[in-house]
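The lines below spell out each chain.
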Amino acid sequence: MPYKVEIANTKSNNSFLANLPKEIIPELKKHLKHLGQHPYLGRSVEAPIPAYIYSFEITHQDQKNTFVVSYKMDENSETISITSFGRHNIKKS
């Protein structure tokens, strides 16, 4: 059974999502749904707060966008909580 994917309601996550072009949102949802179906796609990172990191690419308007999300898994409730987002844009030649 797939894990439920939730985005933590934080100021930085809300700001990140609000500043994305609306055309990218459906692709972002698709990648997060894929993560929910395969929760161990990310790699485990031992940091001050242990988490998983998952990255993927979305091309939009001649730009390759590399997204990185950090998340925590609750295996008991089968929930993935997205704790933060990051994005890097590279203009295609």
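Refer to the structure presented above.
The rules behind the values
- Residues numbered from 1 in each chain as written.
- Predicted model: local features only at pLDDT ≥ 70, side-chain atom pairs only at ≥ 80, totals over all residues.
- Heavy atoms only, no water.
- Core = buried A, V, L, I, M, F, W, Y, C linked by side-chain atoms within 4.5 Å.
- Buried < 20%, exposed > 50% of the residue type's maximum accessible area, 1.4 Å probe, protein only.
- Helix = DSSP H or I, 4+ residues; strand = E, 2+ residues; numbered from the N terminus.
- Contact = heavy atoms within 4.5 Å.
- Salt bridge = Lys/Arg side-chain N within 4 Å of Asp/Glu carboxyl O.
- Pairing = 2+ DSSP bridges.
- Phe/Tyr/Trp six-rings, centres within 6.5 Å; stacked < 30°, edge-to-face > 60°.

(A) Examining the nonpolar core more closely. Counting 17 residues, the largest nonpolar core has Leu-28, Phe-56, Phe-67, Val-69, Tyr-71, Ile-80 and Ile-82 as the members making the most contacts within it. The set of elements that each furnish at least two residues to this core consists of helix H2 (25-37), strand S3 (51-60), strand S4 (63-74) and strand S5 (79-91). Of the residues forming this core, the biggest block, four residues, is contributed by S4. Discounting residues that sit within four places of it in the chain, Val-69 has contacts with Leu-32, Tyr-52, Ile-53, Tyr-54, Phe-56, Ile-82, Ser-84 and Phe-85.

(B) Geometry of the pattern of salt bridges. Inspection of every chain in the model, using the stated rule, returns three salt bridges. Notably, a salt bridge pairs Glu-27 with Lys-30, separated by 2.9 Å at the nearest N-O pair. Separated by three residues within a single helix, Glu-27 and Lys-30 lie in helix H2, roughly one turn from each other. Owing to a relative accessible area of 29%, Glu-27 belongs among the partly exposed residues under this scheme.

(C) The pairing of S3, seen in detail. Note that strand S2 (residues 43-45) and S3 share three bridges and pair antiparallel. Looking across to S3, one finds that Arg-43 is bridged to Ile-53. Counted between consecutive antiparallel strands, the loop separating S2 from S3 contains five residues. Linking two consecutive strands that pair antiparallel, namely S3 and S4, is a turn of two residues; a positive phi of about 45° is found at Gln-61 within it.

(D) Broad picture of the packing of aromatic side chains. Counting across every chain of the model gives six aromatic pairs. Relative to Phe-67, the ring of Phe-16 has its centre 6.3 Å away and its plane inclined at 85°; by these criteria the two rings are edge-to-face. Within this pair, whereas Phe-16 is found in helix H1 (residues 11-18), its partner Phe-67 is found in strand S4, the two being separated by 51 residues in sequence. By the burial criterion, Phe-16 is buried, and Phe-67 matches it. Aromatic side chains Tyr-52 and Tyr-71 sit 5.3 Å apart centroid to centroid with 20° between the ring planes, which places their arrangement in the stacked category. Here Tyr-52 is found in strand S3, whereas its partner Tyr-71 is found in strand S4, with 19 residues between them in sequence. The class for Tyr-52 is partly exposed, based on a relative accessible area of 22%. Looking at Tyr-71, the relative accessible area reads 0%, which means it is buried. An aromatic cluster is defined as three or more aromatic residues linked by ring pairs; in this entry it consists of Phe-16, Tyr-54, Phe-56, Phe-67 and Phe-85.

Keep in mind these numbers describe shape, not what the thing actually does.
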